[in-house]
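Descriptive analysis of the structure
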Amino acid sequence: MSNDNDSWIRLHTGWEPREVGWALWQPGYVAHPWPRDELGPDFVFYICDDVGRDGRAIVAKAKVTKMVPTTEVKSPEAAYRRIADALFDDELTIPPENWRANRYNGHKSAVPWPQLVTAWRAEVEEVEPHVMPELSSFPRSGWLRTARLTL
């Protein structure tokens with residue numbers, strides 16, 4: 001059971017910059033859990049990353065500043081272009097070759113298209129690593145909802 005005091009945590013696993021996040025999936029797939037109603041400007045979530053021998057920990061707090069609402073794209077290049085046009089600027093960008101080299105994007109490139117993309121840009125504030133047992137296994141969606149986060 002979830003409530004308004006729950007916190008959302010996004011699995012990040014080393015990708016830089018942390019200020020940009022996205023998800024790609026095939027039409028018909030319904031990611032769960034997913035912050036469908038909450039994800040938008042001013043949405044606050046926490047970023048989980050690998051922290052060495054301690055496993056995974058909350059390492060940052062993020063607040064969404066810009067969004068690419070769920071949109072159908074016909075190719076990996078179209079997904080990149082949609083995100084770049086909406087979220088990148090002179091201060092923050094991901095070069096196309098880095099986008100293609102991302103392990104997640106490589107996996108998604110190999111499955112049928114079109115796909116749906118959702119993306120966000122956030123202001124990120126680093127926090128002291130906060131280890132929680134449930135961070136060791138995330139749902140397939142990459143999002144975890146918990147009432148146990150006490151930062």
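Residues numbered from 1 in each chain as written. Predicted model: local features only at pLDDT ≥ 70, side-chain atom pairs only at ≥ 80, totals over all residues. Heavy atoms only, no water.

1. Digging into the packing of aromatic side chains
For any pair of aromatic rings, geometry is given as the distance between the ring centres together with the angle between the planes. This model, assessed by the stated rule, comprises eleven aromatic pairs. Pairing Trp8 with Trp143 gives two aromatic rings, centres 6.1 Å apart and planes at 90 degrees, and the pair type is edge-to-face. You can see Trp8 sitting in strand 1 (residues 7-11) and its partner Trp143 sitting in strand 6 (residues 143-146), a full 135 residues away along the chain. Just as Trp8 is buried, Trp143 falls in that class too. (Phe/Tyr/Trp six-rings, centres within 6.5 Å; stacked < 30°, edge-to-face > 60°. Helix = DSSP H or I, 4+ residues; strand = E, 2+ residues; numbered from the N terminus. Buried < 20%, exposed > 50% of the residue type's maximum accessible area, 1.4 Å probe, protein only.)

2. Structural notes on the confidence of the model for the protein chain
Do not read the fine detail of predicted coordinates wherever pLDDT is low. Considering every residue of the protein chain, the mean pLDDT works out to 91; 96% of them sit at 70 or more. Mean pLDDT across the secondary structure elements of the protein chain bottoms out at helix 3 (residues 103-109), with 91, and peaks at helix 1 (residues 76-87), with 97. (pLDDT = per-residue confidence, 0-100.)

3. So, the sheet that holds strand 2 (residues 20-25)
Within a sheet, adjacent strands bond to each other through the backbone by hydrogen bonds, running parallel or antiparallel. Taken together, six strands build an open sheet; the order of strands is 2-5-4-3-1-6 and the sheet is mixed. In the strand order of this sheet, the two ends are held by strand 2 and strand 6, each with one partner. In this sheet, adjacent strand axes meet at a mean angle of 35 degrees when their direction is disregarded. Across three bridges, strand 1 lies against strand 3 (residues 44-50) in parallel orientation. The residue of strand 3 that forms the bridge with Leu11 is Cys48. (Pairing = 2+ DSSP bridges. Axes fitted to C-alpha atoms, helices over the stretch in contact; angles between N-to-C directions.)

4. Re helix 1
Spacing of three or four residues puts side chains on the same side of an α-helix, whose turn is 3.6 residues. Here helix 1 is twelve residues long and its end C-alpha atoms lie 16 Å apart, about the 16 Å a rise of 1.5 Å per residue gives. Among all positions of helix 1, only Pro76, Ala79, Tyr80, Ile83, Ala84 and Leu87 are buried. All buried residues of helix 1 project into a common sector of 125 degrees when viewed along the axis, lining one side. Exposed residues on helix 1 whose side chains face more than 90 degrees from its buried face are Glu77 and Asp85. Where helix 1 is buried, its residues contact strand 2, strand 4 (56-73), helix 2 (96-101), helix 3 and strand 5 (115-131). (Expected span 1.5 Å × (residues − 1). Arc of directions from axis to C-beta. Contact = heavy atoms within 4.5 Å.)

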